[in-house]
Amino acid sequence: GEPALGRRAVCGAKKRADDQQSTIVWVDESAFYLLPLAVRTWAPRGQTPVLQVPLTHDHLSVISGITLDGRLFLQMQDQAYTAEGITMFLRALLEQVAGHLTVIWDGAPIHRAHVIQEFLRAGAAKRLHLERLPGYAPDLNPDEGIWNYLKRVELANVCCHDLAELTAQVRLAEQRVRNKPDIIRACSQQCGYLL
């Protein structure tokens, strides 16, 4: 069926990356809101914990990438990502990872923007290759697992009163996850990709 076709397409991209000795980086964007993701917690009987936060739609836009060997790259800002912001993230990846890179991400229109195509034509294509995941297929992108882990484990029930506090909490969570490469690798294994 369709999921099998999608998985074959991604496996083809992985094989091409392996043949070129290219580092695969799975990339995705998400958002972190001041309103925490409430999860079940322990409390004495009759003392239900209460989370108190301002009701607002303020949030951080975050882009990250993970590698099969367990590395995490993350950038965030307090407004929505534009093609220019994504280009800055790609530039940072090229600075931090040696050799050729294969970025695998979804087919969001911003990923096909003119600015990104210009960035490739201006020389980035010598080391950077972009591969698109098939139509809506979050189960094929291991970076989705990182968002789930950050939100449901590292930042579960964390209340922040403003974006500065949220930024600090996300940075701390990012450092904790970076120190757990097994968790990052497990996200890839969960999607069926092995190093």
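Anyway, here's the lowdown on the structure attached to this text. Quantities reported herein were computed from a predicted structural model and do not represent experimental measurements.

Each value, and the rule that gives it
Residues numbered from 1 in each chain as written. Predicted model: local features only at pLDDT ≥ 70, side-chain atom pairs only at ≥ 80, totals over all residues. Heavy atoms only, no water. Helix = DSSP H or I, 4+ residues; strand = E, 2+ residues; numbered from the N terminus. Buried < 20%, exposed > 50% of the residue type's maximum accessible area, 1.4 Å probe, protein only. Arc of directions from axis to C-beta. Phe/Tyr/Trp six-rings, centres within 6.5 Å; stacked < 30°, edge-to-face > 60°.

Here the focus is the environment of Pro-109. Mapped onto the secondary structure, Pro-109 falls in the loop between β4 (101-105) and α3 (114-121). A relative accessible area of 61% places Pro-109 in the exposed class.

What follows is about α3. What α3 keeps buried is the set Ile-116, Phe-119 and Leu-120. Projected down its long axis, α3 shows its buried positions confined to an angular sector of 100°, all on one face. Exposed side chains of α3 directed beyond 90 degrees from the buried face belong to His-114 and Arg-121. Gly-123, located one to two residues past α3, shows a positive phi value of around 130°.

In total, this model carries two aromatic pairs according to the counting rule given. An angle of 20° between the planes, with centres 4.5 Å apart, marks the rings of Trp-26 and Tyr-193 as stacked. Separated by 167 residues along the polypeptide, Trp-26 in strand β1 (residues 23-33) and Tyr-193 in the segment after α6 (181-190) bring together distant segments of the chain. Taking relative accessible area as the criterion, Trp-26 reaches 0% and is therefore assigned buried. Each ring, one from Phe-32 and one from Trp-147, has its centre 5.9 Å from the other, and the planes form 65°; the classification is edge-to-face. A residue pair is termed long-range when its members are at least 10 positions apart, and Phe-32 in strand β1 and Trp-147 in helix α4 (residues 143-154) qualify at 115 residues. What makes Phe-32 buried here is its relative accessible area of 4%. The class for Trp-147 is buried, based on a relative accessible area of 4%.

Read these as geometric descriptors, not functional statements.
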